[in-house]
Amino acid sequence: MGTAPWDIYAEQLTHLGYGHPLWVPDPAPGQPPVEVGDVGWINDGEFLPLFNVFRGEHDAQFWGAVPVDFVPLGIRECALIGPRDKISQSVLCSQSIQRVDVSGEYRSASSNMSCGVNFTFECMDEAGALLVMGPSGRTTDILSRQRIVDYMNTHFDSWLEFANDRLGLGLKEDQIMFVSGTTKTSRWGVAAFRGTRSEKRGTVVGNFGPLATVDFSFSISDAQLSHSHYRSGPTEGRGCQDKYDQCVFIHYYKRKRRKWSILPSVMKAAAGPVRTRAVRRADGVGRRSGEIRWGTARGVRTSAKLLATP
């Protein structure tokens, strides 16, 4: 259970099933937004890229270099879907938050886009988080799961060597991820908190109009939080045309070693809510000896399903 706002934020919003929530949706200055095919890692709630598998060695790469013996993945070899509108709600909240007393949420008459929010809420737990965005969340996904797994199994060791020997990052094996899906918006505000009181009341006010800079404020229990617990973006007005380059969620694959196996396996993470099924012993005792998990928020074995040992 983390105490940093980006850890609280991810912990509280992963259950929504849209992917891993990013505390820092805006790309770094001079860098492109997160794209499917990016290989990188998450640092303090921000996805940082190493390279993109769909670009060649001599194409524009983030660090001006690629792993040794780099072989791009042909984008035409993968089934992609999107971008398409996936999230139409202007506000997404953790399970602990109940949205109440909406005193103002208006939409642009010309474009029917969400422009502002003004509401109070109650939190029934010690921690909570929320995402406000406009006008919508657009998703792009790579559907070719087996293609990704095979590609990672072939090239992952060179990625780890590139990150640590070439760039000196000191990343662990399970920190490196392959982005297989993105959800982007144009304007956003994020907030996260944790305290000792289990019942809190707060207020969110924001202007997300297309012609203005984002104005976002957040308060809880009659006390203003420090700026480290809420942020918004982008910092400049977007003009009349919305630009979907602010990445609020990602789906990804990673490699992780199981305690009961000496071989690593590629897993898809942040794939959605957990569904489990009890496993009964062969002797008919009916004792719960393990779980089959698939589509979990923490990851799934890509060989269809994973049987947990008793």
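About the thresholds
Residues numbered from 1 in each chain as written. Predicted model: local features only at pLDDT ≥ 70, side-chain atom pairs only at ≥ 80, totals over all residues. Heavy atoms only, no water. Salt bridge = Lys/Arg side-chain N within 4 Å of Asp/Glu carboxyl O. Helix = DSSP H or I, 4+ residues; strand = E, 2+ residues; numbered from the N terminus. Buried < 20%, exposed > 50% of the residue type's maximum accessible area, 1.4 Å probe, protein only. Polar contact = N/O pair within 3.5 Å; in protein donor to acceptor, adjacent residues only side chain to side chain.

K.L.:
So what's going on with the pattern of salt bridges? Residues and values would help.
P.N.:
Tallying each qualifying case throughout the model produces 6 salt bridges. Notably, a salt bridge pairs Arg231 with Asp26, separated by 3.4 Å at the nearest N-O pair. Separated by 205 residues along the polypeptide, Arg231 in strand β15 (residues 230-233) and Asp26 in the loop between β1 (20-21) and β2 (38-43) bring together distant segments of the chain. On the basis of relative accessibility, which here comes to 25%, the residue Arg231 falls in the partly exposed class. Asp26 gets classed as partly exposed once you look at its relative accessible area, which sits at 21%. Where Asp85 meets Arg138, a salt bridge forms, and the shortest distance between an N and an O atom there is 3.0 Å. Placement of the pair is Asp85 in strand β4 (residues 80-87) and Arg138 in strand β9 (residues 137-142), with a sequence separation of 53 residues. Relative accessible area serves as the criterion here: at 34%, Arg138 is assigned to the partly exposed category. Several salt bridges share partner residues, and in doing so they unite Asp157, Glu173 and Arg255 into one network.

K.L.:
So what's going on with the side chain of Arg187? Which residues, and what values?
P.N.:
Looking at the element boundaries, Arg187 is found in strand β11 (residues 187-194). A distance of 3.3 Å separates the side chain of Arg187 from the side chain of Ser186, its partner in a polar contact.

K.L.:
Can you break down unusual backbone geometry residue by residue, with the values?
P.N.:
The omega torsion across Gly134 and Pro135 is 0°, close enough to zero to call that bond cis. Mapped onto the elements of the fold, Pro135 is located in the loop between β8 (127-134) and β9. Here the residue pair Gly233 and Pro234 is connected by a cis peptide bond, since its omega of 0° sits within 30 degrees of zero. Topologically, Pro234 is positioned in the loop between β15 and β16 (246-257). Despite not being glycine, Asp44 shows a phi value in the positive range, around 50°. Its location among the elements puts Asp44 in the loop between β2 and β3 (46-52). For Asp44, a relative accessible area of 42% corresponds to the partly exposed category. Here the phi dihedral of Asp69 falls at roughly 55°; this positive angle occurs in a residue that is not glycine. Secondary-structure assignment places Asp69 in the loop between β3 and β4. By relative accessible area, which is 68% here, Asp69 ends up exposed.

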